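# A look at the structure
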Amino acid sequence: MANQSIRITLKAFDHRVLDLSAQQILDAAERTGSAVAGPVPLPTSIRRFCVIRSPHVDKDSREHFELRVHKRIIDILEPSSKTIDSLTGLNVPAGVDINIKMS
């Protein structure tokens, strides 16, 4: 697989679980002898919601919620077939979204 690379994008609500799964991917790639670039932290996207607490008299009383999505990118340069096999057999924690692109 000459001149190919794998880009792995990780997303999660909890940054500790995200860093743990990124470390697992790094260990699996380095065990097979591939060069790894990352993990690169991307900006955290924050979605805020404002909800009225009571629909009747207390309309000025509001409650705020937010949803934070943490993201990381890992590039694996010059992957071998062993690298791909070790990545497919990896057991990542629940709540982590993984997107893998080969180029």
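Everything below is about the structure shown above.
Just so you know, these numbers come straight off a predicted model, no measurement behind them. (Residues numbered from 1 in each chain as written. Predicted model: local features only at pLDDT ≥ 70, side-chain atom pairs only at ≥ 80, totals over all residues. Heavy atoms only, no water.)

## Structural notes on the sheet that holds strand E4 (residues 96-102)
Here four strands make up an open sheet; going across it, the order is E2-E3-E1-E4 and the pairing antiparallel. Edge strands, defined here as strands with exactly one partner in the open sheet, are strand E2 (35-52) and E4. Across this sheet, the average inter-strand angle for adjacent strands is 15°, counted without regard to direction. Sheet analysis places strand E1 (residues 5-12) next to strand E3 (residues 62-77), joined by eight bridges and oriented antiparallel. Bridging across to E3, Ala 12 finds its partner in His 70. Against the sheet, helix H1 (residues 15-31) contacts E1, E2, E3 and E4, and its axis sits at roughly 5° relative to E3. Packed on one face of the sheet, helix H2 (residues 81-88) meets E1, E3 and E4 and runs near 15° to E1. (Pairing = 2+ DSSP bridges. Helix = DSSP H or I, 4+ residues; strand = E, 2+ residues; numbered from the N terminus. Axes fitted to C-alpha atoms, helices over the stretch in contact; angles between N-to-C directions. Contact = heavy atoms within 4.5 Å.)

## As for the pairing of E3
Sheet topology places E2 next to E3; 14 bridges connect them, and they run antiparallel. The residue bridging Val 40 from the neighbouring strand is Ile 73, located in E3.

## Considering the pattern of salt bridges
This model, assessed by the stated rule, comprises six salt bridges. The residue Asp 14 makes a salt bridge to Arg 16 at a minimum N-O spacing of 3.8 Å. Residue Arg 16 is classed as exposed on the basis of its relative accessible area, which comes to 58%. The salt bridge involving Arg 68 is made with Glu 66; its shortest N-O contact spans 2.7 Å. For Arg 68, a relative accessible area of 37% translates into the label partly exposed. Salt bridges here are not isolated pairs; linked through shared partners, they connect Arg 48, Glu 66 and Arg 68. (Salt bridge = Lys/Arg side-chain N within 4 Å of Asp/Glu carboxyl O. Buried < 20%, exposed > 50% of the residue type's maximum accessible area, 1.4 Å probe, protein only.)

## Some words on the side chain of Ser 34
Considering the arrangement of structural elements, one finds Ser 34 in the loop between H1 and E2. Classification of Ser 34 as buried rests on a relative accessible area of 9%. A polar atom in the side chain of Ser 34 sits 2.8 Å from the side chain of Thr 83. If we skip the residues at most four places from it in the chain, Ser 34 touches Ala 29, Ile 76, Leu 77, Glu 78, Pro 79, Ser 80 and Thr 83. (Polar contact = N/O pair within 3.5 Å; in protein donor to acceptor, adjacent residues only side chain to side chain.)

## Examining the nonpolar core
Counting 13 residues, the largest nonpolar core has Ile 8, Leu 10, Ile 25, Ile 74, Ile 76 and Leu 87 as its most contacted members. Within the residue set of this core, elements represented by two or more residues are E1, H1 and E3. Residue contributions to this core peak at five residues, all from H1. Ignoring anything within four residues of it in the chain, the contact list for Ile 76 reads Gln 4, Ser 5, Ile 6, Ile 8, Ala 29, Ser 34, Ala 35, Thr 83 and Leu 87. (Core = buried A, V, L, I, M, F, W, Y, C linked by side-chain atoms within 4.5 Å.)

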